[in-house]
Amino acid sequence: MDTRLLKLFLSLADTLHFGRASELNHISPSALSRSIKQLEDEVGVDLFERNNRTVTLTHEGELFRDYAREALLQWDVIRDALMEEAEELHGEISVYCSVTASYSFLYDILSQFRLNHPSVEIKLHTGDPEHAIGHILSGSEDITIAAKPDPLPVGIAFKPITISPLVFIAPAEQGNLEPLLEQEDWAQIPMIVPESGVGRKRVDEWFEERGLTPTIYAQVAGNEAIVSMVSLGFGVGVVPRIVLDNSPLANKVQVLDVRPELEPYEVGLFALDKKLKSPLIRAFWEQLKG
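A brief look at the structure comes next.

Calculation rules
- Residues numbered from 1 in each chain as written.
- Predicted model: local features only at pLDDT ≥ 70, side-chain atom pairs only at ≥ 80, totals over all residues.
- Heavy atoms only, no water.
- Phe/Tyr/Trp six-rings, centres within 6.5 Å; stacked < 30°, edge-to-face > 60°.
- Helix = DSSP H or I, 4+ residues; strand = E, 2+ residues; numbered from the N terminus.
- Buried < 20%, exposed > 50% of the residue type's maximum accessible area, 1.4 Å probe, protein only.
- 1 Å grid on protein atoms, 1.4 Å probe; cavity = no way out; pocket = protein on both sides within 12 Å on 5 of 7 lines; lining within 4 Å.
- Points joined across faces, edges and corners; volume = space filled by probe spheres on them.
- Nonpolar A, V, L, I, M, F, W, Y, C, P; charged D, E, K, R; others polar.

Now for the packing of aromatic side chains. One pass over the full model with this rule turns up eleven aromatic pairs. Ring plane angle 90° and centroid distance 5.3 Å describe the contact between Trp186 and Phe207, whose orientation is recorded as edge-to-face. Taken together, the positions of Trp186 in the loop between helix H8 (178-183) and strand S8 (190-194) and Phe207 in helix H9 (residues 197-209) put the pair 21 residues apart, joining distant regions of the chain. Per residue, the accessibility class of Trp186 equals that of Phe207, and both read buried. What links up through ring pairs into an aromatic cluster is the set Phe9, Phe48, Phe64 and Tyr67.

In structure tokens, the structure reads:
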């Protein structure tokens, strides 16, 4: 059964933004637009009102949203019931994480999972971990790996994997920054910080608690990109230690002894609580001991 169009419709209905919805579903905005037009042709009405600036649901779109959610819920119920009766699990699981997480954590989980459930297909997507929760909430991914936000959104399950410190890094060839750090004269230091998410929140809180105003040189999506920019000498950055340890550029940066330390990352698996009722998702979830 192909539920793709319903999922794409709900993603756009939730975000009301073609760019964000297409990113969540790993397709181009034009492909998303064609899919929505196909769905509208099938039902015979316009589900969205759209112009160059806004996207809104029509009255018919609001009615169809209720139908789509119920239809997908019932599909999950019958699929799970059928799998409970089967001797071997079949189907697919979509997993989203950063490139670092894919080889830091997924190898051990997936290698054993494949042995236990060889008929289950894993669809792996990589990208900025700050979008992980959004992918789960939209239903575009079943499982994600990322840092735990505070607070955890309602309806989201979390299973910890590890704790990673957040560290300040500077170019390896950078001159001595200790005098500036001791004087807390951060205004003279160009900062490369995460664009959003848990990392950005930790950085903002750290500076605010000390009454300091950093000089933001760049706001970057993706921790690996922060390491790259720092290694090229653009400024001082903040990244999880696990990203730095796995970076091919680790020898081109230095870790600064900044006190007090930033609050660390708690990294783990995320899934919707209701999806853990699925034998497929539950089997993957329970593969991680903890």
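Within this model, the largest pocket holds a volume of roughly 1,200 Å³. The wall of the largest pocket is formed by 41 residues, among which Lys7, Gly139, Ser140, Asp142 and Lys275 lie closest to the centre. Sort the elements by how many residues they give to the lining of the largest pocket and helix H4 (residues 59-85) lands first, with eight residues. Tallied by class, the residues present in the lining of the largest pocket amount to 15 nonpolar, twelve polar and 14 charged. Size it by volume and the second largest pocket reaches roughly 240 Å³. For the lining of the second largest pocket, the secondary structure elements donating two or more residues are helix H5 (99-104), helix H7 (132-138), strand S5 (143-147), helix H10 (223-231), helix H11 (241-245) and strand S12 (265-272). The leading source of residues in the lining of the second largest pocket is S5, at three residues.

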